[in-house]
Protein chains: 2
Amino acid sequence: MNKVKLKRRIDVAAKREEADLVIKNGHIIDVFNQELIKADVAIVEGTIVAIGDNFLGKEIIDAENKFICPSFIDGHVHIESSMISPPEFSKVVLPHGVTTIIADPHEIANVSGIKGIQYMLDSSDNIPLNVYMMLPSCVPATPFENAGAVLLAEDLDSLYNHPRVLGLGEVMDYPSVATTNQSMMDKLHRAIGRNKKIDGHAAGLNNEALNIYAAAGIKTDHEAVTGIEAKERLKRGMYVIIRQGSVAKDLPNLIEIVNEKNCRRCLFGTDDKHIDDLLLEGSIDHNVRLAIKHNIDPIMAISMASLNAAECYGLTTKGAIAPGYDADLLILNNLAEIEIESVYVGGKQVAKNGRMIEFDVQNTIVDSSLKDSIHIPSIHKQDLNIPVKKHQVANIIEIIPNSLLTNHLVEEINHEGGSFKPCIERDHLKIVVIERHRSTGNIGLGIVKGLKLKRGAIATTIAHDSHNIIAAGTNDDDLLFAVDQMKNIGGGLVAVDNNKVLAALPLPISGLISDENYHSVYRKLNDINHALQKLDASSEFNPFLTLSFLALPVIPHLKITDLGIFDVTSFKHIPLLGQN
Amino acid sequence: MNKVKLKRRIDVAAKREEADLVIKNGHIIDVFNQELIKADVAIVEGTIVAIGDNFLGKEIIDAENKFICPSFIDGHVHIESSMISPPEFSKVVLPHGVTTIIADPHEIANVSGIKGIQYMLDSSDNIPLNVYMMLPSCVPATPFENAGAVLLAEDLDSLYNHPRVLGLGEVMDYPSVATTNQSMMDKLHRAIGRNKKIDGHAAGLNNEALNIYAAAGIKTDHEAVTGIEAKERLKRGMYVIIRQGSVAKDLPNLIEIVNEKNCRRCLFGTDDKHIDDLLLEGSIDHNVRLAIKHNIDPIMAISMASLNAAECYGLTTKGAIAPGYDADLLILNNLAEIEIESVYVGGKQVAKNGRMIEFDVQNTIVDSSLKDSIHIPSIHKQDLNIPVKKHQVANIIEIIPNSLLTNHLVEEINHEGGSFKPCIERDHLKIVVIERHRSTGNIGLGIVKGLKLKRGAIATTIAHDSHNIIAAGTNDDDLLFAVDQMKNIGGGLVAVDNNKVLAALPLPISGLISDENYHSVYRKLNDINHALQKLDASSEFNPFLTLSFLALPVIPHLKITDLGIFDVTSFKHIPLLGQN
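Since the model is a prediction, treat every value here as computed from it, not as a measurement.

S.K.: Before we go on, may I ask you to explain the overall build of chain A in this structure?
M.R.: Looking only at helices and strands, chain A features 15 helices and 33 strands. On C-alpha atoms alone, chain A measures out to a radius of gyration of 25 Å, which is about the 25 Å that the 2.2 N^0.38 rule sets for 580 residues. Overall, the C-alpha framework of chain A stretches about 90 × 50 × 45 Å when taken along its three principal axes. Taken across its 580 residues, chain A has 65% of its residues classed as buried. Only carbon and sulfur atoms are counted for the fraction: they give 48% of the accessible area of chain A, which is about 19,800 Å². Computed over 56 positive and 73 negative side-chain charges, the inter-centroid distance for chain A is 2 Å.

S.K.: Just to check I follow, could you spell out the sheet that holds strand E7 (residues 67–70) of chain A for this structure?
M.R.: Hydrogen bonds between backbone atoms are what pair the strands of a sheet, whose relative direction is either parallel or antiparallel. All names here are of chain A. On the basis of which strands lie adjacent, the open sheet formed by seven strands has the order E3-E2-E7-E16-E17-E18-E19 and mixed pairing. Looking along the sheet, the strands with just one partner apiece sit at the ends: strand E3 (35–38) and strand E19 (355–356). Pairing analysis gives two bridges linking strand E18 (residues 348–352) to E19, with the strands arranged antiparallel. Bridge assignment links Lys352 to a residue of E19, and that residue is Arg355.

S.K.: Is there a simple way to think about the packing of helix H1 (residues 3–13) of chain A against helix H7 (residues 207–215) of chain B in this case?
M.R.: Helix-helix packing: each pair is described by the crossing angle between the helix axes and the interaxial distance. Orientation of H1(A) relative to H7(B), taken along the N-to-C sense of each, is 170 degrees, at an axis distance of 8 Å. It follows that H1(A) is roughly antiparallel to H7(B) by the angle criterion. In terms of crossing hand, the pair formed by H1(A) and H7(B) is right-handed. Where H1(A) approaches H7(B), its residues A:Leu6, A:Arg9, A:Ile10 and A:Ala13 are matched on the opposing element by B:Glu208, B:Asn211, B:Ile212 and B:Ala215. When the residues that make up the contact of H1(A) with H7(B) are grouped by side-chain class, the tally is five nonpolar, one polar and two charged.

S.K.: Looking at this model, I keep getting lost on the sheet that holds strand E5 (residues 47–52) of chain A. Mind explaining?
M.R.: Residues and elements named next belong to chain A. Spatial ordering of the open sheet is given by E5-E4-E1-E6, a layout of four strands whose pairing is mixed. Bordering the open sheet on either side are E5 and strand E6 (57–62), each of which pairs with just one other strand. On average, each strand axis in the sheet is inclined to that of its neighbour by 20 degrees, with strand direction left out of account. Judged from the three bridges that link them, strand E1 (residues 19–24) and strand E4 (residues 40–44) form a sheet pairing that is antiparallel. Of the residues in E4, the one forming a bridge with Leu21 is Ile43.

S.K.: Which parts of the structure should I look at to understand the relation of the copies chain B and chain A?
M.R.: A rotation about an axis combined with a shift along that same axis relates the two copies of the chain. Take chain B, turn it by 180 degrees, move it 0.0 Å along the axis, and it overlays chain A with an RMSD of 0.1 Å. The relationship between the two copies is best expressed as a two-fold rotation axis. Rotation axis and chain B: the residue whose C-alpha lies nearest the axis is B:Glu260, separated from it by 3.0 Å. The residues that chain B uses at the interface reappear at the interface of chain A in 100% of cases, marking a shared surface.

S.K.: Would you mind going over the interface of chain B and chain A with me for this structure?
M.R.: By a widely used convention, the size of an interface equals the accessible area lost when the partners come together. The interface of chain B with chain A comprises 60 residues on the first partner and 60 residues on the second. For the pair chain B and chain A, the interface holds 12 salt bridges. Across the salt bridge formed by A:Glu311 and B:Arg264, the nearest N and O atoms sit 3.1 Å from each other. Where chain B packs against chain A, one counts 18 residue pairs in polar contact (both at pLDDT 80 or more). Those elements that place two or more of their residues in the side of chain B that touches chain A are helix H1 (3–13), strand E3 (35–38), strand E5 (47–52), helix H5 (174–178), helix H6 (182–193), H7, helix H8 (227–235) and helix H12 (298–312) of chain B. Ranked by the residues each element gives to the side of chain B that touches chain A, the list is headed by H1(B), at seven residues. Here the residues of the side of chain B that touches chain A sort into 27 nonpolar, 14 polar and 19 charged.

S.K.: Sorry, what's going on with the pairing of strand E26 (residues 457–460) of chain B here?
M.R.: All names here are of chain B. Every second residue of E26 is oriented toward a common face, with Ala457 and Ala459 on one face and Ile458 and Thr460 on the other, all of them buried. Sheet topology note: the E26/strand E27 (residues 469–473) ladder contains four bridges and is antiparallel. Bridging from a neighbouring strand, Ala457 pairs with Gly473 of E27. Inspection of the sheet shows E26 paired to strand E28 (residues 492–497) by four bridges, in the antiparallel sense. Its bridge partner being in E28, Thr460 is matched across the sheet by Leu493.

Thresholds, definitions, all that
Residues numbered from 1 in each chain as written. Chains lettered and ligands numbered in written order. Predicted model: local features only at pLDDT ≥ 70, side-chain atom pairs only at ≥ 80, totals over all residues. Heavy atoms only, no water. Helix = DSSP H or I, 4+ residues; strand = E, 2+ residues; numbered from the N terminus. Rg over C-alpha atoms; globule rule 2.2 N^0.38 Å. Buried < 20%, exposed > 50% of the residue type's maximum accessible area, 1.4 Å probe, protein only. Areas by Shrake-Rupley, 256 points an atom, 1.4 Å probe, with all protein chains shown as cover. Lys, Arg positive; Asp, Glu negative; His and termini not counted. Charge placed at Lys NZ, Arg CZ, Asp CG, Glu CD. Pairing = 2+ DSSP bridges. Axes fitted to C-alpha atoms, helices over the stretch in contact; angles between N-to-C directions. Parallel < 35°, antiparallel > 145°, perpendicular 65-115°, else oblique. Left-handed = near helix turned anticlockwise from the far one by under 90°. Contact = heavy atoms within 4.5 Å. Nonpolar A, V, L, I, M, F, W, Y, C, P; charged D, E, K, R; others polar. Least-squares fit on C-alpha atoms with pLDDT ≥ 70 in both. Salt bridge = Lys/Arg side-chain N within 4 Å of Asp/Glu carboxyl O. Polar contact = N/O pair within 3.5 Å; in protein donor to acceptor, adjacent residues only side chain to side chain.

Here you go:
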């Protein structure tokens with residue numbers, strides 16, 4: 001903000017100069033008193049400068065019978081989960097009233113390190129969506145797998161100077177905090193020293209662990225799944241980010257404890273939300289509507305989605321319709337349904353009636369290394385072989401549909417010619433995780449039950465958090481073919497049968513993000529879903545989504561990484577096979 | 001905070017190490033949920049690191065049946081109004097539970113400029129009270145008088161780097177903001193650019209003027225005197241500092257509009273509170289008690305005095321009893337009366353049962369210029385002469401008891417030998433303002449009605465905001481003698497009669513602050529009050545306090561500066577005498 005701008009703000013507020021835009025006759029949603037104000041709003045150069053009446057404006061909008069509402073802030077989101085680039089993501093969420101997001105580029109950082117974070121920053125420059133970033137704190141997420149990068153405190157340091165970097169992203173490595181691991185202390189200490197925010201990830205933590213987190217300077221959590229958990233976090237001075245995403249849907253449980261006394265410390269996030277859900281259901285607008293359905297007053301719900309998130313992240317000019325605040329606002333047709341008529345960012349209309357107003361995106365130059373992220377040696381059928389002796393049993397990963405948890409089964413398995421043979425009848429499929437960042441040749445082999453494919457194979461490079469190649473299939477030929485496709489398309493999703501590609505969604509940017517527009521991604525994702533039908537996959541759950549969490553070695557009970565089968569209960573790798 | 005401290009916090013929270021202090025069995029006041037929590041509190045190296053149970057501690061305090069409460073923050077205070085130095089001030093307010101203040105050294109800056117501010121910073125270093133500063137924005141306060149300093153934006157710049165400087169102090173020069181005066185724009189722009197807070201002073205401003213203030217980036221106001229005014233400020237995103245001081249007592253009016261929905265943006269301040277009121281009535285603890293008397297829930301009132309103030313000023317580790325927060329806390333015997341048993345700052349007990357635990361103050365070296373602030377040429381009786389012609393009338397300042405406002409009277413006056421002669425019967429006294437910073441020889445002469453002295457004269461160097469010498473008396477000999485005393489004692493308060501000093505309170509630091517302890521200042525202030533009785537002064541109001549606002553040329557209707565009589569209505573100087 002320069003002095004000329006400051007002067008113009010005052011001149012317009014003093015009615016000596018015309019506003020750029022005046023929104024007349026609407027009901028302003030006053031998040032400070034949680035009331036409605038019948039007044040006009042004057043805006044100049046992207047900033048609200050006055051509420052009152054008799055403003056002159058170059059452009060006048062009549063909002064009679066409508067509501068002027070601060071636009072929404074997503075307090076915690078991974079853009080990568082949408083599989084689209086930041087500019088495309090903005091086109092999807094802006095029509096839903098989300099004009100600011102706090103993004104954590106944890107996924108791309110695990111593949112491409114600082115270059116990945118830099119791509120997210122660069123590609124979110126000069127787009128209508130305000131994209132703030134929290135720097136990934138846990139790359140790699142665990143020592144039990146090989147990611148594409150290792151980020152130490154000193155690696156993150158220079159990025160803190162970026163004006164859109166607000167702090168240190170979700171600290172998910174609780175053991176490192178609790179044991180005061182030196183590298184983790186470095187990261188926390190540097191963030192605190194710079195007076196930056198630190199996000200938490202307190203999944204399932206008890207009260208003693210919460211004390212440890214809060215004592216370490218961690219100020220938010222988006223992993224509370226019960227009202228009791230949420231309250232324990234609030235008590236310890238943490239902001240609670242109430243998450244409603246594609247997989248984790250915590251809002252109905254958490255909203256029960258939100259009241260007028262504690263709501264200031266509650267805000268909304270989506271965390272991980274896929275392109276289809278974003279398009280069909282919305283983003284934070286969905287959280288707001290759902291909160292209202294759960295008997296939260298609409299203005300309180302709106303405050304949570306705006307002012308509260310802005311306060312949490314120190315965004316002092318966001319989250320309200322008041323002089324001095326950014327003109328990021330919504331015109332709503334009603335409060336009960338939060339029907340969004342139009343969306344403004346910095347005083348400019350960016351969406352109307354659910355449709356984006358097209359904007360020019362300057363093509364971000366993607367560092368070539370990002371588009372070359374699949375580094376595997378040539379893999380042969382024998383590399384996927386699981387030799388089995390008589391009477392051996394296997395430690396089998398059993399899927400629990402629509403849950404990140406798995407069961408640890410110990411069962412006998414089919415074998416033929418001294419090797420494991422997948423069995424459709426018993427739903428024993430082969431699963432492989434192939435390190436894909438540095439051609440180490442690491443291959444983890446395992447057996448999964450409950451994926452319910454009847455033919456072919458599927459593979460993806462979205463495999464939290466290291467994003468190695470994970471593939472599962474009914475036979476080794478298709479498995480190998482699917483893995484090969486990953487190399488061909490630069491990473492993404494593929495479904496194959498009988499050595500043919502049924503459908504592919506290429507994600508050439510770090511194997512996580514498409515370089516195409518969101519329409520195209522959405523279409524290809526639908527193709528993938530049709531291909532899954534051809535493989536006779538269950539429609540009860542999404543096999544790709546399920547697969548993408550089977551390599552995450554922090555969620556019980558049995559997982560698989562590029563280093564083999566991982567028993568989360570004993571927190572160590574175990575052999576796939578054992579003697580009965 | 002260094003890494004070793006961070007590690008210890010975690011080690012204590014994890015119960016691997018003993019806490020320095022454990023407060024057991026108390027009811028924690030949870031300002032986030034506005035509820036009570038029955039739990040123990042563990043503290044290490046000045047920071048709360050855990051709430052729960054079974055902590056080991058080097059020191060254990062039993063708070064059975066007591067309340068553990070975040071200590072209080074004064075959101076806006078001028079230490080100078082107490083006439084004592086920051087270390088002495090801390091001894092007075094700490095037993096009242098105030099452990100953090102947001103101070104504006106506006107008064108001393110008007111006398112001694114940057115050196116005055118620097119003294120306040122230096123002398124508040126290493127004392128148990130947390131003293132944060134807002135940099136005076138309006139020195140001089142108006143162009144209609146001569147102060148001791150002129151502070152431009154560039155003068156303030158280097159002070160922003162001080163860790164206890166939070167922003168730009170109360171912007172009271174509304175006309176300069178509204179007219180986008182270049183110097184004011186510089187100050188605002190630099191504060192905004194540094195992401196610093198800007199305090200307002202929106203006395204009597206209407207909604208349009210409030211828009212201008214808020215558009216200019218001003219984020220607080222402590223001058224609302226009605227509930228309606230407070231609400232208009234809240235609507236515009238301003239924090240409302242509810243003031244209860246020695247003169248301005250706004251809490252009863254403002255508290256009416258505070259509710260669970262808007263209270264987060266309301267906090268408490270004292271602004272100007274004198275040593276006697278601080279000792280007898282308290283500081284922010286008094287605001288809290290008064291709020292409770294006005295039916296505010298005690299926990300809500302405590303939240304306003306703690307968390308809300310901390311949030312307003314971005315003090316992210318203050319204002320709550322939670323891990324990661326500073327161990328600035330109170331143990332209360334009850335909630336209804338806010339009876340303070342003991343006060344802790346950074347985990348150390350600093351007061352118990354209303355008594356300070358003595359602390360060593362390293363003597364601040366006071367810059368010699370501060371102790372040499374009375375610069376006047378020798379003044380003779382004829383300098384105070386007001387020549388009067390026949391039939392002339394005078395523009396007389398009429399005091400309204402206990403108000404900062406005055407009436408503008410036009411009356412005939414007594415004269416003798418061609419000169420004005422004070423008249424006890426008509427209560428026409430002579431009043432003089434003598435520029436005391438740069439020996440300009442400027443003397444403003446006037447006539448005051450309503451001061452009700454029957455003999456002698458009084459003089460003081462506390463005369464807002466330029467703090468020139470202001471004196472009033474029944475005869476020129478005593479007036480001259482009183483003014484002379486100002487030079488002798490280095491500024492302060494004096495009451496004289498018949499060329500004898502009845503009582504004097506020397507304030508040698510810039511003519512505003514004593515270099516003695518608070519007991520001594522309190523005693524001498526009582527001596528002054530007794531002396532006023534000897535002058536037959538009215539007990540209805542305080543003549544010194546009244547005098548100290550008669551030179552403030554921004555409050556209607558008639559005032560006097562070193563440049564003469566000032567008509568606030570027409571906003572210009574006018575002649576003392578006129579033709580009938």
